[in-house]
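# Structural characterization, general
If you want the building blocks of each chain, they are given just below.
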Amino acid sequence: DTAVSQTPKYLVTQMGNDKSIKCEQNLGHDTMYWYKQDSKKFLKIMFSYNNKELIINETVPNRFSPKSPDKAHLNLHINSLELGDSAVYFCASSQDRGTARYNSPLHFGNGTRLTVT
Amino acid sequence: DAKTTQPPSMDCAEGRAANLPCNHSTISGNEYVYWYRQIHSQGPQYIIHGLKNNETNEMASLIITEDRKSSTLILPHATLRDTAVYYCIVRVYSGAGSYQLTFGKGTKLSVIP
């Protein structure tokens, strides 16, 4: 059973297109995240959602819009894709409320490799 | 910005213990130290975390100094499959009940046959 699953695993598309990446977690966690890993391998947080509420929104172009239909899902929609958006996008989840608030590990998915041509 | 500093790379002989150091001199009293690793291009894998006591699990041991300004991750018997980038992270409060992991550059550990 995959704890955090992302689809698709690979995504190749052309500049200007709009695409979505889906993420689901079956751990019962209340917080989900999107991270971006660029070609230099730096992992940077993009968004954090807690109980469907946006908590963290780092300096990310507004072409990127996270959508959380429920606690178990956090999708990432990207409009007008650019060459610089090519990267690996990782979804993660954790339990940040209650007794686990201080020491809850993040569980990551295996990533979506986005290539914009 | 990451609150940790790590050596960029280390080598370890297969079967020997791998000791990965990390400095986090600005850590606050309730901030935990987490260790993750990333094998090739897979998702980061949680290894261990701690606050001030030493911790051990089936993967590794974590030794935190008494002043909490540094820590060491110990892989007791390194195997070739432990070759990865290891990240030491201080998890900080980011508001509204959420805690953020900020990844630094990590240490690339190469286990040598």
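Scope of this entry: the structure provided in the associated data block. Please read all numbers here as calculations on a predicted model, not as lab measurements.

On to the interface of chain A and chain B. Accessible area lost when the parts come together is the quantity often used to give the size of an interface. Contacts between chain A and chain B engage 27 residues on the former and 24 residues on the latter. Counting each side, the surface lost to burial between chain A and chain B is near 2100 Å², with a carbon and sulfur contribution of 51%. Remark: the boundary between chain A and chain B carries 0 salt bridges. Counting the contacts that link chain A with chain B gives 5 residue pairs in polar contact (both at pLDDT 80 or more). For the side of chain A that touches chain B, a count of residues per class yields 12 nonpolar, 9 polar and 6 charged.

Residue and element names in this part refer to chain B. Looking at the secondary structure, you find Gln6 in the segment before strand E1 (9-13). Within the structure, Gln6 has its side chain in polar contact with the side chain of Thr107 (distance 3.4 Å). Every residue in contact with Gln6, bar those within four places of it in the chain, is listed here: Pro21, Cys22, Trp35, Tyr86, Tyr87, Cys88, Gly106 and Thr107.

All names here are of chain B. Spatially, 4 strands are ordered E2-E7-E6-E5 in an open sheet, and the strand pairing comes out antiparallel. Sheet topology places strand E2 (18-23) and strand E5 (55-56) at the edges, where each strand pairs with a single neighbour. For strand E6 (residues 61-64) and strand E7 (residues 70-75), the ladder comprises 4 bridges, and the chain directions are antiparallel. Within E7, the position partnered with Ser61 by the bridge is Ile74.

All names here are of chain A. Relative to the assigned elements, Leu114 resides in strand E11 (residues 112-116). Residue classification places Leu114 among the buried positions, given a relative accessible area of 2%. As for Leu114 and Gln25, which are separated by 89 residues in sequence, their C-alpha atoms are 21 Å apart. Every residue in contact with Leu114, bar those within four places of it in the chain, is listed here: Leu11, Thr13, Ile78, Leu81, Asp85, Ser86, Ala87 and Tyr89.

Okay, the sheet that holds strand E3 (residues 19-25) of chain A next. Residues and elements named next belong to chain A. Pairing is antiparallel across the open sheet formed by 4 strands, whose spatial order is E1-E3-E8-E7. Looking at strand neighbours, the two that pair on one side only are strand E1 (4-7) and strand E7 (64-70), the edges of this open sheet. Going from strand to strand, the sheet's axes swing by 20° on average, the running direction of each strand aside. Note: E7 against strand E8 (residues 73-78), 5 bridges, orientation antiparallel. When the sheet's bridge partners are listed, Pro66 is paired in E8 with Leu76.

We now examine the pattern of salt bridges. Residue and element names in this part refer to chain A. Within this structure, the stated rule accounts for 4 salt bridges over all chains. Between Arg63 and Glu82 there is a salt bridge, with the nearest N and O atoms lying 3.5 Å from each other. Taken together, the positions of Arg63 in the loop between strand E6 (53-57) and E7 and Glu82 in the loop between E8 and strand E9 (87-94) put the pair 19 residues apart, joining distant regions of the chain. Among the residues examined, Arg63 registers a relative accessible area of 14% and is labelled buried. Glu82 sits in the partly exposed class, given a relative accessible area of 41%. Arg63 is the salt-bridge partner of Asp85, the closest N and O atoms lying 2.8 Å from each other.

Rules used throughout
- Residues numbered from 1 in each chain as written.
- Chains lettered and ligands numbered in written order.
- Predicted model: local features only at pLDDT ≥ 70, side-chain atom pairs only at ≥ 80, totals over all residues.
- Heavy atoms only, no water.
- Contact = heavy atoms within 4.5 Å.
- Buried area = accessible area lost by both parts, 1.4 Å probe.
- Salt bridge = Lys/Arg side-chain N within 4 Å of Asp/Glu carboxyl O.
- Polar contact = N/O pair within 3.5 Å; in protein donor to acceptor, adjacent residues only side chain to side chain.
- Nonpolar A, V, L, I, M, F, W, Y, C, P; charged D, E, K, R; others polar.
- Helix = DSSP H or I, 4+ residues; strand = E, 2+ residues; numbered from the N terminus.
- Pairing = 2+ DSSP bridges.
- Buried < 20%, exposed > 50% of the residue type's maximum accessible area, 1.4 Å probe, protein only.
- Axes fitted to C-alpha atoms, helices over the stretch in contact; angles between N-to-C directions.

Keep in mind these numbers describe shape, not what the thing actually does.
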